[in-house]
Amino acid sequence: MRAVTAASSTFRLALLASAALAMPAFAAGQSAPVLVAAAAVGEAAAAADEVAEDAEIVVYGKGEVRQVTEIKADDIKLTVAGASPFIAIQKLPGVNFQSADPFGVYEWSTRITLRGFNQNQLGFTLDGVPLGDMSYGNVNGLHISRAIIPDNIGRTRVSQGAGALGTASTSNLGGTIEFYSRAPQDELGVAGNITYGDSNTLRVYGTLDTGDLGGFKAYVSASRIDADKWKGFGEQYATQINAKAVADLGGDVTFTAFVNHTDRKEADYQDFSQDMLARLGPFVDNIANDWPTAVRIAFVGANRGDTGVVVAANNFGTVYPAPYRTVDDVYYDASGLRRDWLAGGRLEGSITDNVKAGVQVYYHNNKGQGSWVTPYRASPGGLPLSFRTTEYGIYRLGVLGDVTATLGSNTLRLNVWYENNDFEQARRFYDMGTSQTVPLTNVYTYQSNPFFTQWNNDYNTRTFQFAVQDQWDINEDFSVSFGFKGQSVKLRAEAINPVPGPLALGRIKAEDLFMPQVGALYKLGGGNELFANFTQNQRAFTAAATTGPFATSAAGFAAISSQLRPEKTNTFEGGFRFGEGSLNGVIAGYLVNFSNRLLSIPQGPGIVGNAALLSNVGDVRSLGVEIGLSWKPVKAFTVTASYAYNENTYRDDVRNAAGTIVQAIRGRTVVDSPRSIANLELAYDDGAFYGRANANGMTGRFFTFSNDREVSGRVVVDGKIGYRFTSDNRWLNNLAIEGTVTNLLDRRYVATIGSNGFGFSGDNQTLLPAAPRQFFATLRKDF
């Protein structure tokens, strides 16, 4: 295994040289390279005009009755190649995205919130296919970083307050994020890129598009990333394959199909508390290269009685090796393994001149394993360490249908969605052998033959949802939209023989057949418009051992079952969109009343795996304003800015079944909900030279419900610079070289909070420091 090292000075010099060569249009010298580059700029003049005309970076939802913003594939390309699309959308109003890695794809750490609503209260889809709530250990879908190669995302649509009624999601309380894959090219072509950078990062992407073959076109793409962790020891790598085909069946009937596969293995970073950060610093990590020290720490913990593990007499004593003071200061190793297949097909076309319809089926299979080498349970051979896993198996099958009818000034829409999700989850422990110098296994391997199974449960979720909506265009300037959706989600939890575990089992249902949405749009002329919207939504329960009502003990479930209600929101929002030409933007305000807020309180360190405590804390209120601006003073230059102010507070205290207050949190700010978020981005693209500078800032965030613990605010700056070469030969056209830097100012700050959940008060080992400054160079060939 390779140790993490900074990129060599040779690499950094090469990157700087590449950046210098990428700016010949601004050079004053008369050298041959400058003349050649200047000629290339001249040849790219037409391309520059096309870029200027078509590359509107942010689309502010013109014509929508809701707050909607959208970015396109060109905007994702302005981040480091292979980065999560979440990095690109953090420039949008009200978006808070955090990750402990420079690519934003390390799933244990990725967190996104909209208007203070956390990730499992949002809805996510890819080409209409539900991705679940995208939480770590996702029980009803998969993360976007595994669902599709980032290079194949065509556009991303963010609804900050309320998604479209027909969105296939049971968790979209606070908004939806919809991803759409790119269409196959009309001409035969190849594209790809290769990236090398800090932490020995090497990423390769390539795609082959067939072009239009008489009504049929398709592409096959593949990517591979192999990178060391930015600190400590361990690797993070993933292989992905995407295939998509579109067939014209005659008339306007088309059939679209896709198959996506991902095999991801990523070593974890150590979780921190504030005390650990102060004592050990942010660069301490799991000691995956030092098994003897891990064994020593585990023996000391057992000898002191800190872990509850009983060991034979030994010579390790009761003092932890410096600089560690507790058994939880550092672990040996941990990882997340995920293997996914996602496939689907959609048939759509016109039934009559005024009626269009579509039907879509999809399938998702997942095998996953989350691993921790834990000092809290001994191996059979006597070592006070064992290999703890949480194992996942998802088998989802679903169907989506939609009909749109245009009847004069009315547009009627009907959507239906059904899904059956069989999910198996188990907690198992495996032997780490007897050697104090060499471990028996490693965290990159799917384990077999456990010596102990703590629980092994089967969960089934059946979802049925429908939506009916009418958009009435009263005249050219004024339209109203009204409709409702209904949702029925039935969940079952059963133990798999032979021995039931300690977690809750049984059945539960979340059902509401009337959740209305009403909106209005008034066009003022000159690209200006007013919009207003009201939406009611619910977040259905999830069935799993690590989230939702079954993720507590049987006794805990029985105690709270009478208080369990699906989380619900009433969202009121309105705003003003403005501008045509060089200046566009939106100003929006919102009020969200949130009822039946369910809190899951961790009980002890995450590595122990104790069942969480569930609490219904009643109401939450979110009140705020958002501003987004996009200004193009000249054709090649764009300024994008956003600001969001959000007051997100608990409106009730935590009470027990008898009504007695057990935790006073009324009036406290919701965890991981910064009061202010701002973003400024400068982007330049003249068809040859291009670049981007982005600054993202936010105020502090609380990680306890009582607000006695907070991480400070921060401003993070990223940048990119590149040069695109053109050629009359289309196979050589659009070659580019670019350099990217993340965390340019090398800020030390806490990125992720809540990696092990949120507590009521006090310090908690639930923080992940951000990656330091990282440099990457990319050679790119676009279509």
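Chemist: Is there a simple way to think about the overall build of the protein chain in this case?
Modeler: When helices and strands are tallied, the protein chain shows nine helices and 38 strands. Scaling as 2.2 N^0.38, a compact globule of 783 residues should have a C-alpha radius of gyration of about 28 Å, and the protein chain matches this with 27 Å. Dimensions of the protein chain along its principal axes, counting C-alpha atoms only, are 80 × 65 × 50 Å. Burial analysis of the protein chain (783 residues in total) assigns 57% to the buried set. Within the protein chain, counting contacts between residues at least 6 apart in sequence, those at least 24 apart form 68% of the total. A total of about 29500 Å² of accessible surface is found on the protein chain, and carbon and sulfur atoms cover 58% of it.

Chemist: Explanation requested: the pattern of salt bridges in the structure shown.
Modeler: Between side chains of opposite charge, pairing is possible as soon as their charged atoms come close. Applying the stated rule across the entire model yields 37 salt bridges. Ionic pairing is found between Asp306 and Arg304, a salt bridge with its closest N-O pair at 2.9 Å. In this structure Arg304 comes out as partly exposed when scored by relative accessible area, which is 43%. Taking the shortest distance from any N to any O, the salt bridge between Arg724 and Asp685 comes out at 3.0 Å. Of this pair, Arg724 sits in strand β34 (residues 714-725) while Asp685 sits in strand β30 (residues 676-685), and the two are 39 residues apart along the sequence. Sharing partners across several salt bridges, the network here consists of Glu64, Arg66, Glu70, Arg155, Arg157 and Glu178.

Chemist: Where do I start with the confidence of the model for the protein chain in this structure?
Modeler: Low pLDDT means the predicted coordinates in that region are not meant to be read closely. Averaged over all residues, the pLDDT of the protein chain equals 89, while 91% of them reach at least 70. A low-confidence stretch, residues 1-55 (pLDDT under 50), is modelled with 73 contacts involving residues beyond four sequence positions or located in other chains.

Chemist: I'm lost on the side chain of Glu573 in this one. Help?
Modeler: With respect to the element layout, Glu573 can be found in strand β22 (residues 567-578). At 3.1 Å, the side chain of Glu573 and the side chain of Arg115 are in polar contact. Ignoring anything within four residues of it in the chain, the contact list for Glu573 reads Arg66, Gln67, Arg115, Gly161, Ala162, Phe531, Ala532, Asn533, Gly589 and Tyr590.

Chemist: Looking at this structure, I do not really get unusual backbone geometry. What am I missing?
Modeler: In the segment running from Ala322 into Pro323, the intervening peptide bond is cis, with an omega of 10°. For Pro323, the position within the fold is in the loop between α8 (291-304) and β14 (334-350). Of note in the backbone geometry, Asn734 takes a positive phi value of approximately 65° without being a glycine. Along the chain, the position of Asn734 falls in the loop between β34 and β35 (735-742). A relative accessible area of 18% means that Asn734 is categorised as buried. Non-glycine residue Asn743 carries a positive phi angle of around 50°.

Chemist: How should I be thinking about the packing of aromatic side chains in this particular structure?
Modeler: What characterises a pair of aromatic rings is the spacing of the ring centres plus the angle enclosed by the ring planes. Counted by the stated rule, this structure contains 30 aromatic pairs. Centre to centre, the rings of Trp230 and Phe283 are 5.8 Å apart; their planes meet at 90°, and the pair counts as edge-to-face. Note that Trp230 is positioned in the loop between β11 (216-228) and β12 (235-248) and Phe283 in the loop between α7 (274-280) and α8, a separation of 53 residues in sequence. When the centroid spacing of 4.9 Å and the interplanar angle of 75° are considered together, the rings of Trp291 and Tyr332 count as edge-to-face. With a gap of 41 residues between them, Trp291 in helix α8 and Tyr332 in the loop between α8 and β14 connect regions that are remote in the sequence. Aromatic ring contacts, followed pair by pair, group Phe86, Phe97, Phe124 and Phe179 into a single cluster. Between the NZ or CZ atom of Lys367 and the centre of the ring of Tyr446, over which it lies, the distance is 4.4 Å.

Chemist: Before we go on, may I ask you to explain the sheet that holds strand β8 (residues 176-181) in this structure?
Modeler: Strand pairing within a sheet occurs via backbone hydrogen bonds; the two strands may be parallel or antiparallel. The strand order across the open sheet formed by six strands is β1-β2-β7-β8-β5-β6, and the pairing between neighbours is mixed. Looking at strand neighbours, the two that pair on one side only are β1 (58-59) and β6 (129-130), the edges of this open sheet. Pairing analysis gives four bridges linking strand β5 (residues 123-126) to β8, with the strands arranged parallel. Each residue of the ladder has a partner; that of Phe124, found in β8, is Ile177.

What counts and what doesn't
- Residues numbered from 1 in each chain as written.
- Predicted model: local features only at pLDDT ≥ 70, side-chain atom pairs only at ≥ 80, totals over all residues.
- Heavy atoms only, no water.
- Helix = DSSP H or I, 4+ residues; strand = E, 2+ residues; numbered from the N terminus.
- Rg over C-alpha atoms; globule rule 2.2 N^0.38 Å.
- Buried < 20%, exposed > 50% of the residue type's maximum accessible area, 1.4 Å probe, protein only.
- Contact = heavy atoms within 4.5 Å.
- Areas by Shrake-Rupley, 256 points an atom, 1.4 Å probe, with all protein chains shown as cover.
- Salt bridge = Lys/Arg side-chain N within 4 Å of Asp/Glu carboxyl O.
- pLDDT = per-residue confidence, 0-100.
- Polar contact = N/O pair within 3.5 Å; in protein donor to acceptor, adjacent residues only side chain to side chain.
- Phe/Tyr/Trp six-rings, centres within 6.5 Å; stacked < 30°, edge-to-face > 60°.
- Lys NZ or Arg CZ within 6 Å of the ring centre and 35° of its normal.
- Pairing = 2+ DSSP bridges.

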